[in-house]
There are 2 protein chains.
Amino acid sequence: MEKKIITISRQFGSGGRTIGRAVAEKLGIPFYDKELVDQIALESGFDPGYIAEHGEHAPGKSLFSYAFASMGMPGVMQGMSSADFLWTIQCNVILQLAEKGPCVIVGRNADYILKDREDCLHVFIHADTHYRADRIVRLYGESEKAPLARLEEKDKRRRVNYEHYTGRDWGKAENYDVCLNSAVVGEEACVDFIVSTVNNSK
Amino acid sequence: MEKKIITISRQFGSGGRTIGRAVAEKLGIPFYDKELVDQIALESGFDPGYIAEHGEHAPGKSLFSYAFASMGMPGVMQGMSSADFLWTIQCNVILQLAEKGPCVIVGRNADYILKDREDCLHVFIHADTHYRADRIVRLYGESEKAPLARLEEKDKRRRVNYEHYTGRDWGKAENYDVCLNSAVVGEEACVDFIVSTVNNSK
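Procedures and definitions
- Residues numbered from 1 in each chain as written.
- Chains lettered and ligands numbered in written order.
- Predicted model: local features only at pLDDT ≥ 70, side-chain atom pairs only at ≥ 80, totals over all residues.
- Heavy atoms only, no water.
- Pairing = 2+ DSSP bridges.
- Helix = DSSP H or I, 4+ residues; strand = E, 2+ residues; numbered from the N terminus.
- Contact = heavy atoms within 4.5 Å.
- Axes fitted to C-alpha atoms, helices over the stretch in contact; angles between N-to-C directions.
- Buried < 20%, exposed > 50% of the residue type's maximum accessible area, 1.4 Å probe, protein only.
- Buried area = accessible area lost by both parts, 1.4 Å probe.
- Salt bridge = Lys/Arg side-chain N within 4 Å of Asp/Glu carboxyl O.
- Polar contact = N/O pair within 3.5 Å; in protein donor to acceptor, adjacent residues only side chain to side chain.
- Nonpolar A, V, L, I, M, F, W, Y, C, P; charged D, E, K, R; others polar.
- Least-squares fit on C-alpha atoms with pLDDT ≥ 70 in both.
- Expected span 1.5 Å × (residues − 1).
- Parallel < 35°, antiparallel > 145°, perpendicular 65-115°, else oblique.
- Left-handed = near helix turned anticlockwise from the far one by under 90°.
- Core = buried A, V, L, I, M, F, W, Y, C linked by side-chain atoms within 4.5 Å.
- Patch = residues over 30% accessible without salt bridge, like charges linked within 9 Å, V, L, I, M, F, W, Y side chains within 5 Å.
- Areas by Shrake-Rupley, 256 points an atom, 1.4 Å probe, with all protein chains shown as cover.
- Lys, Arg positive; Asp, Glu negative; His and termini not counted.
- Charge placed at Lys NZ, Arg CZ, Asp CG, Glu CD.

### Description of the sheet that holds strand β4 (residues 120-126) of chain A
Sheet strands pair via backbone hydrogen bonds, and the direction of the pair is either parallel or antiparallel. With mixed pairing, ten strands are arranged side by side in an open sheet as β2(A)-β3(A)-β1(A)-β4(A)-β5(A)-β5(B)-β4(B)-β1(B)-β3(B)-β2(B). Strands at the two margins of the open sheet, each flanked by one partner only, are β2 (31-32) of chain A together with β2 (31-32) of chain B. Note that β4 of chain A and strand β5 (residues 178-181) of chain A share four bridges and pair parallel. Across the sheet, residue F124 of chain A finds its bridge partner in β5 of chain A, namely C179 of chain A. Contacting β1 (5-10), β4 and β5 of chain A together with β5 (178-181) of chain B, helix α10 (residues 187-200) of chain A crosses the sheet at an angle of about 165° to β4 of chain A.

Below, the structure is given as structure tokens:
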């Protein structure tokens, strides 16, 4: 079965997004990451900053998020939390993008949302903690929080969100076709292997 | 860090052993699977058939297995079950083999036993259930049990054994450097990628 759509799930700081962008460039197909956020923003009415922050994070449990939903925002079903509403929109946008044609989609539980399409190659990129800690400081700079704490917090929020909405374990090998440790394999070799796997499927 | 030792963990029927043998041939290094069983047999005094059956399976919980240990078999510590004794020998043999030089080791929780050696490439091979069911019937023939039941039983026993002795989740991507779905990637491409990852590490 020809693989046309590549979903890339990743641990924070592992280089999954960079790898995804390079794969899309080599295959000459669209790359959805920030673009996906903008599309979801357009369809949901949420602020892009809110989506970037919450689209892969733990579902909102605060009273505020439920109150917000019940205020009668257009398109929000009564009693649906803002996090659940965001998830519904996210599913719709990702399913529509996949219908449009070949692409690379990074994050946002796309592996689960597109699990029933046989033309998808599902990839998971991870790396050991110290490699990722060095990488986020190099790329995003220092912050008030120690790099290891930033990794732990971000990964935990992604994992909780994934497990809440999919009922699957995050980072389980059998949910993906290819899982690579980018620190061991190297980013370039990750890109080349994903591209050749897609090309071999044709 | 140069990767000299390749451990291959695999779902039953996924082709992990075949891939491991081909990797060893291409790299011109020893392949330990049946040989490992013979070595453990030699050191433990157990029958090779018993080791092949129990070396990756759920730890023996029967009264018999404890009674057997307390009968004073040479080298068996008082109160240690035969399964625990087998695990101890298995750890020692695998650690010794890794000391001897480059090799490919299939199964037997070698990824965990060698987790502290940085010169190891840890690989996990899996595939969807129907691919594996077809493959085991093609390779090993029909048996009284339906193929899907055979897969489920074997995988469950491997998983229980792994989780009992390692305290880790079986098949979690971050415990391996490379996890591949052999049905999607193809056995030959799996072999080539593992070989090139080892060669790139030099």
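### Focus on the environment of A127 of chain B
All names here are of chain B. Tracing the chain through its elements places A127 in the loop between β4 (120-126) and α7 (129-140). Take A127: its relative accessible area is 6%, and that puts it in the buried class. In this structure A127 touches Q11, S14, R132, N181, S182 and A183, once residues within four positions along its chain are discounted.

### Here we look at the interface of chain A and chain B
The interface of chain A with chain B comprises 21 residues on the first partner and 21 residues on the second. At the boundary of chain A with chain B, total buried surface from both sides reaches about 1500 Å², with 62% on carbon and sulfur atoms. Ranking the residues of chain A by area buried against chain B places D177, V184 and F193 of chain A at the top, with a combined share of 30%. On the surface where chain A and chain B come into contact, there are zero salt bridges. Taken together, chain A and chain B are joined by eleven residue pairs in polar contact (both at pLDDT 80 or more). Listing elements by their share of the side of chain A that touches chain B, those giving two or more residues are β4, β5, α9 (182-185) and α10 of chain A. Classifying every residue of the side of chain A that touches chain B gives eleven nonpolar, six polar and four charged.

### Notes on the relation of the copies chain A and chain B
Overlaying chain A on chain B yields an RMSD of 0.0 Å, the required transformation being a rotation through 180° with an accompanying axial translation of 0.0 Å. Here the two chains are linked by the operation of a two-fold rotation axis. Comparing contact sets, 100% of the residues at the interface of chain A also lie at the interface in chain B, consistent with an isologous, same-surface contact.

### Points about α10 of chain A
Two residues of an α-helix separated by three or four positions point the same way, owing to the 3.6 residues in each turn. Taking 1.5 Å of rise per residue, 14 residues should cover 20 Å, and α10 of chain A covers 20 Å from first to last C-alpha, within 8% of that figure. Where α10 of chain A is concerned, the buried positions are A189, C190, V191, F193, I194, V195, T197 and V198 of chain A.

### Remarks on the packing of α10 of chain A against helix α10 (residues 187-200) of chain B
Helix-helix packing: each pair is described by the crossing angle between the helix axes and the interaxial distance. Taken N-terminus to C-terminus, the directions of α10 of chain A and α10 of chain B make an angle of 165°; their axes are 12 Å apart at the nearest point. Comparing their axes, α10 of chain B and α10 of chain A come out roughly antiparallel. Relative to α10 of chain B, the crossing made by α10 of chain A is right-handed. Between α10 of chain A and α10 of chain B, the residues in contact are A189, F193 and N200 of chain A and A189, F193 and N200 of chain B, respectively. A class-by-class count of the residues in the contact of α10 of chain A with α10 of chain B yields four nonpolar, two polar and no charged.

### Observations regarding the nonpolar core
Of all hydrophobic cores here, the largest spans 46 residues; its most connected members are I6, V23 and L180 of chain A together with I6, V23 and L180 of chain B. Residues contacting I6 of chain B, with those up to four places away along its chain left out, are V23, L27, I29, C103, V104, I105, L121, V123, I194 and V198 of chain B.

### Focus: the pairing of strand β1 (residues 5-10) of chain B
All names here are of chain B. Across the six residues that make up β1, a large majority, six, are buried. In β1, alternate side chains face the same way, and those of I5, T7 and S9 on one face and I6, I8 and R10 on the other are all buried. Pairing geometry for β1 and strand β3 (residues 103-106), over four bridges, is parallel. Bridging across to β3, I8 finds its partner in V106.

### Details of the packing of α7 of chain B against helix α8 (residues 147-166) of chain B
Residues and elements named next belong to chain B. Direction vectors running N to C along α7 and α8 enclose 100°, while the axes themselves pass 9 Å from each other. Taken as axis vectors, α7 and α8 run roughly perpendicular relative to one another. Taken together, the residues of α8 that come into contact with α7 (itself represented by T129, H130, R132, A133, I136, V137 and Y140) are P147, L148, R150, L151 and D155. Residue composition of the contact of α7 with α8, by class: seven nonpolar, two polar and three charged.

### A look at a negative patch on the surface
Together, E163 and D169 of chain A together with E163 and D169 of chain B make up a region of like negative charge exposed at the surface. With respect to the helices, strands and loops of the structure, D169 of chain A is situated in the loop between α8 (147-166) and β5. Exposure remark for D169 of chain A: the relative accessible area of 44% places this residue in the partly exposed category.

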